[in-house]
Amino acid sequence: MTTTVLYQTTARATGGRDGHSATLDGTIDVKLSTPKELGGAGGTGANPEQLFATGYAACFIGAMKVAGPQVGTRVPADVSVAATVGIGPRSEGGFGLEIALEVTLPGLEPEAARTLVDAAHQICPYSNATRGNIDVKLSIA
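Residues numbered from 1 in each chain as written. Predicted model: local features only at pLDDT ≥ 70, side-chain atom pairs only at ≥ 80, totals over all residues. Heavy atoms only, no water.

- Looking at an unreviewed UniProt entry, one finds the protein named Organic hydroperoxide resistance protein and attributed to Paroceanicella profunda.
- A UniProt comment under Sequence similarities (unreviewed entry) is attached to the protein, and it reads "Belongs to the OsmC/Ohr family." (UniProt positions renumbered as here; feature names shortened; annotations may be inferred.)

Quick word on the nonpolar core
- Within the largest apolar cluster, 25 residues are counted, with the highest numbers of intra-cluster contacts made by F60, M64, V81, L101 and L105.
- Elements supplying a minimum of two residues to this core: helix 1 (48-71), strand 4 (80-89), strand 5 (95-104) and helix 2 (110-123).
- In terms of residue count, the dominant contributor to this core is helix 1 (eight residues).
- Residues contacting L105, with those up to four places away along its chain left out, are M64, P76, V79, A113, L116 and V117. (Core = buried A, V, L, I, M, F, W, Y, C linked by side-chain atoms within 4.5 Å. Buried < 20%, exposed > 50% of the residue type's maximum accessible area, 1.4 Å probe, protein only. Helix = DSSP H or I, 4+ residues; strand = E, 2+ residues; numbered from the N terminus. Contact = heavy atoms within 4.5 Å.)

Some points on the domain arrangement of the protein
- Entries for the protein in the domain assignment read domain 1 (1-46) and domain 2 (48-140).
- Using only C-alpha atoms to locate each centre, domain 1 and domain 2 end up separated by 21 Å.
- Between domain 1 and domain 2, the contact holds six residues from the first and five residues from the second.
- For the pair domain 1 and domain 2, the summed buried surface comes to about 480 Å²; carbon and sulfur atoms form 68% of the total.
- It is R17, L38 and A46 in domain 1 that bury the most area against domain 2; as a group they hold 75% of the surface buried on that side.
- Taken together, the links from domain 1 to domain 2 amount to one salt bridge. (Domains from an automatic or database assignment. Buried area = accessible area lost by both parts, 1.4 Å probe. Salt bridge = Lys/Arg side-chain N within 4 Å of Asp/Glu carboxyl O.)

Here we look at the pattern of salt bridges
- Scanning the model with the defined rule gives five salt bridges in all.
- Two residues, R90 and E92, come together in a salt bridge whose shortest N-O distance is 3.9 Å.
- You can call R90 partly exposed: its relative accessible area is 42%.
- Residue E98 is joined to K137 by a salt bridge in which the shortest nitrogen-to-oxygen separation is 3.8 Å. Of this pair, E98 sits in strand 5 while K137 sits in strand 6 (residues 135-140), and the two are 39 residues apart along the sequence.
- Given a relative accessible area of 47%, E98 falls into the partly exposed group.
- Accessibility expressed as a relative area gives 40% for K137, which makes it partly exposed.
- Taken together, the salt bridges that share partners define one network made up of E98, D135 and K137.

Some words on the packing of helix 1 against helix 2
- Remark: helix 1 packs on helix 2, axes separated minimally by 8 Å, with the N-to-C direction vectors making an angle of 115°. Relative to helix 2, the element helix 1 is oriented roughly perpendicular. Crossing of helix 1 against helix 2: the hand is right-handed. Two secondary-structure elements touch here, helix 1 through Y56, F60, A63, M64, V66, A67, G68, Q70 and V71 and helix 2 through T115, L116, V117, A119, A120, H121 and I123.
- Residues that form the contact of helix 1 with helix 2 fall into these classes: twelve nonpolar, four polar and no charged. (Axes fitted to C-alpha atoms, helices over the stretch in contact; angles between N-to-C directions. Parallel < 35°, antiparallel > 145°, perpendicular 65-115°, else oblique. Left-handed = near helix turned anticlockwise from the far one by under 90°. Nonpolar A, V, L, I, M, F, W, Y, C, P; charged D, E, K, R; others polar.)

As structure tokens, then:
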């Protein structure tokens, strides 16, 4: 599969989960902290799962805006996506992720909302990157 890259960005992390991460252009600059649930001290820093969740949620809305005209559905201005990302040990060894996207589409009929969400899930680059690797649960609130 070939991707024609239209945009790319680079971020550099230091110190791992208790370090620092920033995009090279300076638009994102975050302190990182390991959650207590993963054996860390907690703290005020973000963690990779939070960053992944925020990116996936925003990207999925973008995918719905692309999918909307394709399926004949207007995406409500007050659309929202809550992305929940969980991490833990895998039965096969190592660690894995689990993702749930809860999509809120005020004013859309359930069938139109489901069609839109399913179409967006085929378009979204995060969905394409995780497909076959991570269980992504989709729900409509």
